[in-house]
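# Close look at the chain arrangement
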Amino acid sequence: MFRILFVFFIIIPIIEITVLMQVGALLGVWPTIAMVILTAWLGAKYVRQQGIATLNSVQEKMAQGQMPSDEIVTGLVLLVAGVMLVTPGFVTDFLGLSLLIPAVRQAIAGSVKSHITTNSASQQSFQFNSEGNVYEHEDATEQQDSPFQAHIQPPHKAKTLDGEFERKD
């Protein structure tokens, strides 16, 4: 972790300053500043467009009762791209723009998803029926059609959580 932080806070700024100085010496100060501002503005514009498209995709998947895992990872990659594009410099702009390419984002999302594991045996599942009763799965390995789907009938091998209360004023 220290190496990653070292690269982000020490090495990348040194590279950025070096590249900015070389481009500034080649083109001049004002064109260099204009290019940095232009790339930040264009990058923010494209990140916003793709972020809205990703948000719409998340909403569609959730409405269908599906887990939007690809879209969540894509949203995180777009967030990193936005931060890189707003950071002054040509190297971070290049990296940020490369994250806006769908094929690059999909490759990163696939890599991230392969490193994330879930243990379905340790997950508890609660469901509600039409009367408002709560049911807990005893066998957590049973899969539902959708994590957002409410069942009207209690599932197989479920137990009812029941209780009484008394109001004391």
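All of these numbers come straight from a predicted model, not from anything done at the bench. (Residues numbered from 1 in each chain as written. Predicted model: local features only at pLDDT ≥ 70, side-chain atom pairs only at ≥ 80, totals over all residues. Heavy atoms only, no water.)

### A word on the confidence of the model for the protein
The following threshold applies: What pLDDT expresses is the predictor's confidence in each residue, scored from 0 to 100. Contacts between residues were defined by any pair of non-hydrogen atoms, one from each residue, lying within 4.5 Å.
For the protein, the mean per-residue pLDDT works out to 77, and 73% of the residues sit at or above 70. Between residues 138-144, whose pLDDT stays under 50, and residues either more than four places distant or in other chains, the model counts 15 contacts.

### Structural notes on a nonpolar patch on the surface
Using the following cut-off: For patch detection, residues must exceed 30% relative accessible area and be free of salt bridges, and they are connected within 9 Å for like charges or within 5 Å for nonpolar side chains (Val, Leu, Ile, Met, Phe, Trp, Tyr). Note on areas: Shrake-Rupley with a 1.4 Å probe; residue coverage comes only from the protein chains shown. We define a salt bridge as a side-chain nitrogen of Lys or Arg found within 4 Å of a carboxyl oxygen belonging to Asp or Glu. By definition, any uninterrupted DSSP run of H or I lasting at least four residues is a helix, any uninterrupted run of E lasting at least two residues is a strand, and each is numbered from the N terminus.
A contiguous nonpolar patch, built from Met 1, Phe 2, Ile 4, Leu 5, Phe 6, Val 7, Phe 8, Phe 9, Ile 10, Ile 11, Ile 14 and Ile 15 and spanning about 1,200 Å² of accessible area, is present on the exposed surface. Mapped onto the secondary structure, Ile 11 falls in helix α1 (residues 2-27).

### A closer look at the pattern of salt bridges
The condition is simple: The buried label goes to any residue with under 20% of its type's maximum accessible area, the exposed label to any with over 50%, and the partly exposed label to all in between, with areas taken from a 1.4 Å probe on protein chains only.
The tally for this structure, following the rule as stated, stands at 1 salt bridge. A salt bridge links Lys 61 to Glu 71, with the nearest nitrogen and oxygen atoms 3.7 Å apart. With Lys 61 in helix α2 (residues 29-63) and Glu 71 in helix α3 (residues 69-86), this residue pair connects regions lying 10 residues apart in the sequence. Assessed through its relative accessible area of 22%, Lys 61 is described here as partly exposed. With a relative accessible area of 12%, Glu 71 lands in the buried category.

### Describing the packing of α2 against α3
Axis angle and axis distance: for two packed helices, these are the angle between their axes and the distance between the axes, and together they describe the pair. Note the following rule: Lines fitted to C-alpha atoms define the axes, with helix axes restricted to the stretch in contact, and inter-axis angles between N-to-C directions lie between 0 and 180 degrees. Angular relationships are summarised with four words: roughly parallel below 35 degrees, roughly antiparallel beyond 145, roughly perpendicular across 65 to 115, and oblique for the angles in between. Crossings are sorted by hand: turned counterclockwise from the far helix by less than a right angle, the near helix makes the crossing left-handed, and turned clockwise it makes it right-handed. Classification convention: Asp, Glu, Lys, Arg as charged; Ala, Val, Leu, Ile, Met, Phe, Trp, Tyr, Cys, Pro as nonpolar; all other residues, Gly among them, as polar.
The interhelical angle for the contact between α2 and α3, taken along N-to-C directions, is 170°, at an axis separation of 9 Å. With respect to each other, α2 and α3 are oriented roughly antiparallel. For the pair α2 and α3, the sense of crossing is left-handed. Contact with α2, carried on its side by Thr 39, Ala 40, Gly 43, Val 47, Gln 50, Gly 51, Thr 54, Ser 57, Val 58 and Lys 61, involves Asp 70, Glu 71, Thr 74, Gly 75, Leu 78, Ala 81, Gly 82, Leu 85 and Val 86 of α3 and no other residues of that element. Of the residues contributing to the contact of α2 with α3, the split by class is 7 nonpolar, 9 polar and 3 charged.

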